[in-house]
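Next come the chains, spelled out residue by residue.
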Amino acid sequence: MKIQHLLLFFFLVSSYHCFAQDDLARPKFYSWLERKAKVSVRKSFDASSKDEGKPASFFWFNDKQNNIDYLVVDLGVKFSEFELLRNKKSSIILLPKVEWHTDKRDKTKKNNLSGGVNIEVFPMKTKVLGPWALGSIDFEKDAVQDVSTLKGKFFLSVFGIKQFLPGYQTKNKRKEFFLRYYPYSGFETFRRIDVGNLISSYWTNRLFVEYWPITSKQIMKSVTVKGHDGVDSTYSVRDRDGRRYLQITAEYTFRKVLKDDFYKKGDMGWLALGLNIYPDGIDRLGIGVEYNLGYNPSFNFENADIWSLGLKLKL
Amino acid sequence: MPKPTKAEVTRYVLHQISQLSGLAEIDFLRTDVLAKQPLYFDSIGLANLALTIRGYLQQKEAAKTLLVTEVRKPGLTVSGLIELVYAKFS
């Protein structure tokens with residue numbers, strides 16, 4: 001890699017400081033994006049908890065000596081949510097989204113653009129452990145293989161509010177959040193709509209784990225001030241913010257085939273391991289490496305064995 | 001049913017945040033964002049918090065309901081949630 005590419009890399013890395021400040025110091029555009037445009041950015045919103053914590057990734061490489069130039073992008077954008085059952089004890093949320101997954105490397109070439117709606121169903125408030133469900137309907141265009149697919153998915157999951165239960169922000173002895181996981185079980189169907197009526201459908205089971213092994217504890221202290229009436233009041237203030245520097249994500253999906261006219265690959269497994277470093281302890285922008293093995297769901301289930309390295313962005 | 005006071009609403013909301021986050025009330029501030037440190041509610045946790053408070057509003061016969069999408073609003077703080085819930089009674 002030439003020196004200018006290293007400079008570009010360090011420029012990109014150093015520039016994240018303008019994104020990664022605390023809320024009070026964030027640039028106006030970022031606040032506009034979050035609060036006014038109501039846009040969220042992740043690696044994917046593909047029928048999973050939208051806050052699973054996997055950031056969008058961008059990686060660009062250019063080697064003029066060897067004439068190698070490639071771009072890898074995994075980007076999902078979610079727009080404003082719409083809610084049904086507003087006066088009931090349950091709730092249904094609809095989330096429009098678009099996703100772009102491209103990889104210009106020869107061996108793993110892909111260019112998929114998709115759009116659709118995610119659905120989240122919360123049947124009741126959870127007291128200890130309760131169910132919730134999610135699904136999606138998407139149209140996807142694969143520009144490399146010229147394939148148009150209609151995808152439907154529905155999963156059941158559980159959410160708990162005790163240590164080590166699914167979905168709970170499990171804390172260590174210093175009260176720092178370090179672990180969260182979600183199991184899913186459900187049904188997926190993929191219908192090729194540009195040629196004939198080819199369908200593949202699966203019973204799909206999935207586990208996602210997010211682990212933060214390196215954290216720093218927030219420090220709280222009490223401050224006593226004298227009021228106008230001469231009476232002392234005591235407040236809690238934060239002397240130092242907590243920080244999280246290293247994120248490890250692991251995801252395993254197993255698809256048990258039910259019908260296989262379309263992909264014709266039988267049962268399929270998919271492993272995704274990620275390691276992200278956030279130098280200033282705010283999990284917004286950092287550097288990450290990811291390893292994927294198995295049948296790639298964002299690339300027509302082609303068999304893949306991929307390492308990738310890049311900037312990680314989560315808004 | 002009489003409208004609860006701001007102090008009652010505040011106590012209820014702080015208690016629910018404490019219960020659902022696993023942090024004592026002295027471990028988070030009114031200025032803390034629900035989805036960020038140290039509370040770290042994710043979208044599913046925020047939905048559960050919203051449904052819990054919605055039940056309280058129905059029990060107290062509040063004039064308006066609380067939406068999951070309101071509680072998931074990016075940047076919503078503890079004090080912002082207290083104000084939001086209290087406003088449902090007017």
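What you see is a predicted model, and the numbers here were worked out from it, not measured in a lab.

Caption draft 1: The overall build of chain A, seen in detail. Looking only at helices and strands, chain A features 2 helices and 17 strands. When the 315 residues of chain A are sorted by exposure, 48% land in the buried category. The contacts in chain A between residues at least 6 apart in sequence include a share of 58% that link residues at least 24 apart. Summed over all atoms, the accessible surface of chain A reaches about 15,800 Å², with 62% contributed by carbon and sulfur.

Caption draft 2: Spatial organisation of the overall build of chain B. In terms of regular secondary structure, chain B is built from 4 helices and 0 strands. Starting at the N terminus and ending at the C terminus, chain B contains elements arranged as α-α-α-α. Seen through its principal axes, chain B has C-alpha atoms that stretch 35 × 25 × 20 Å. Looking at chain B as a whole, 61% of its 90 residues qualify as buried. In the structure as shown, chain B presents an accessible area of about 3,500 Å², 53% of it carried by carbon and sulfur atoms. Computed over 11 positive and 8 negative side-chain charges, the inter-centroid distance for chain B is 6 Å.

Caption draft 3: Examining helix 4 (residues 78-87) of chain B more closely. Residues and elements named next belong to chain B. Of all the residues in helix 4, the buried ones are Val 78, Leu 81, Ile 82, Leu 84 and Val 85. Taken down its axis, helix 4 places every buried residue within 165° of arc, on the same side. Residues of helix 4 that are buried make contact with helix 1 (6-21), helix 2 (43-59) and helix 3 (68-71).

Caption draft 4: Seen up close, the packing of aromatic side chains. All names here are of chain A. Under the definition given, this model contains 18 aromatic pairs over all chains. Three or more aromatic residues joined by ring pairs form one cluster here, namely Phe 122, Trp 132, Phe 155, Tyr 182 and Tyr 184. Residue placement shows Arg 244 over the ring face of Trp 212; its charged tip is 3.7 Å from the ring centre.

Caption draft 5: Quick look at the packing of helix 1 of chain B against helix 4 of chain B. Residue and element names in this part refer to chain B. Following both chains from N to C, one finds helix 1 and helix 4 inclined at 130°, their axes separated by 9 Å at the closest point. With respect to helix 4, the element helix 1 is oriented oblique. At the point where helix 1 passes helix 4, the crossing takes the right-handed sense. Together, Lys 6, Val 9, Thr 10, Val 13, Leu 14 and Ile 17 of helix 1 and Val 78, Leu 81, Ile 82, Glu 83, Val 85 and Tyr 86 of helix 4 make up the contact between the two elements. Among the residues making up the contact of helix 1 with helix 4, the classes are represented as 9 nonpolar, 1 polar and 2 charged.

Caption draft 6: Focus on the nonpolar core. In this structure, Ile 17, Leu 34 and Leu 81 of chain B are the most contacted members of the largest nonpolar core, which totals 42 residues. Broken down by element, this core gets its largest block of residues, 9 residues, from helix 2 of chain B. If near-sequence neighbours (up to four positions away) are discounted, Ile 17 of chain B is found in contact with Gly 22, Phe 28, Leu 34, Leu 39, Phe 41, Leu 49, Val 78 and Leu 81 of chain B. Core analysis: the next-biggest nonpolar cluster, separate from the first, contains 7 residues, Val 147, Phe 190, Tyr 202 and Met 268 of chain A among them.

Caption draft 7: View of the pattern of salt bridges. All names here are of chain A. Counted under the stated rule, the structure contains 16 salt bridges over all chains. Arg 206 serves as the salt-bridge partner of Glu 251, at 3.0 Å between the closest nitrogen and oxygen. Remark: Arg 206 occurs in strand 11 (residues 198-216) and Glu 251 occurs in strand 14 (residues 243-260); sequence separation between them is 45 residues. Classification of Arg 206 by relative accessible area gives buried; the value is 11%. Lys 259 serves as the salt-bridge partner of Asp 261, at 3.9 Å between the closest nitrogen and oxygen. A relative accessible area of 33% means that Asp 261 is categorised as partly exposed. Residue classification places Lys 259 among the partly exposed positions, given a relative accessible area of 39%. Salt bridges sharing common partners tie together Lys 153, Glu 188 and Arg 255.

What counts, and at which threshold
Residues numbered from 1 in each chain as written. Chains lettered and ligands numbered in written order. Predicted model: local features only at pLDDT ≥ 70, side-chain atom pairs only at ≥ 80, totals over all residues. Heavy atoms only, no water. Helix = DSSP H or I, 4+ residues; strand = E, 2+ residues; numbered from the N terminus. Buried < 20%, exposed > 50% of the residue type's maximum accessible area, 1.4 Å probe, protein only. Contact = heavy atoms within 4.5 Å. Areas by Shrake-Rupley, 256 points an atom, 1.4 Å probe, with all protein chains shown as cover. Lys, Arg positive; Asp, Glu negative; His and termini not counted. Charge placed at Lys NZ, Arg CZ, Asp CG, Glu CD. Arc of directions from axis to C-beta. Phe/Tyr/Trp six-rings, centres within 6.5 Å; stacked < 30°, edge-to-face > 60°. Lys NZ or Arg CZ within 6 Å of the ring centre and 35° of its normal. Axes fitted to C-alpha atoms, helices over the stretch in contact; angles between N-to-C directions. Parallel < 35°, antiparallel > 145°, perpendicular 65-115°, else oblique. Left-handed = near helix turned anticlockwise from the far one by under 90°. Nonpolar A, V, L, I, M, F, W, Y, C, P; charged D, E, K, R; others polar. Core = buried A, V, L, I, M, F, W, Y, C linked by side-chain atoms within 4.5 Å. Salt bridge = Lys/Arg side-chain N within 4 Å of Asp/Glu carboxyl O.

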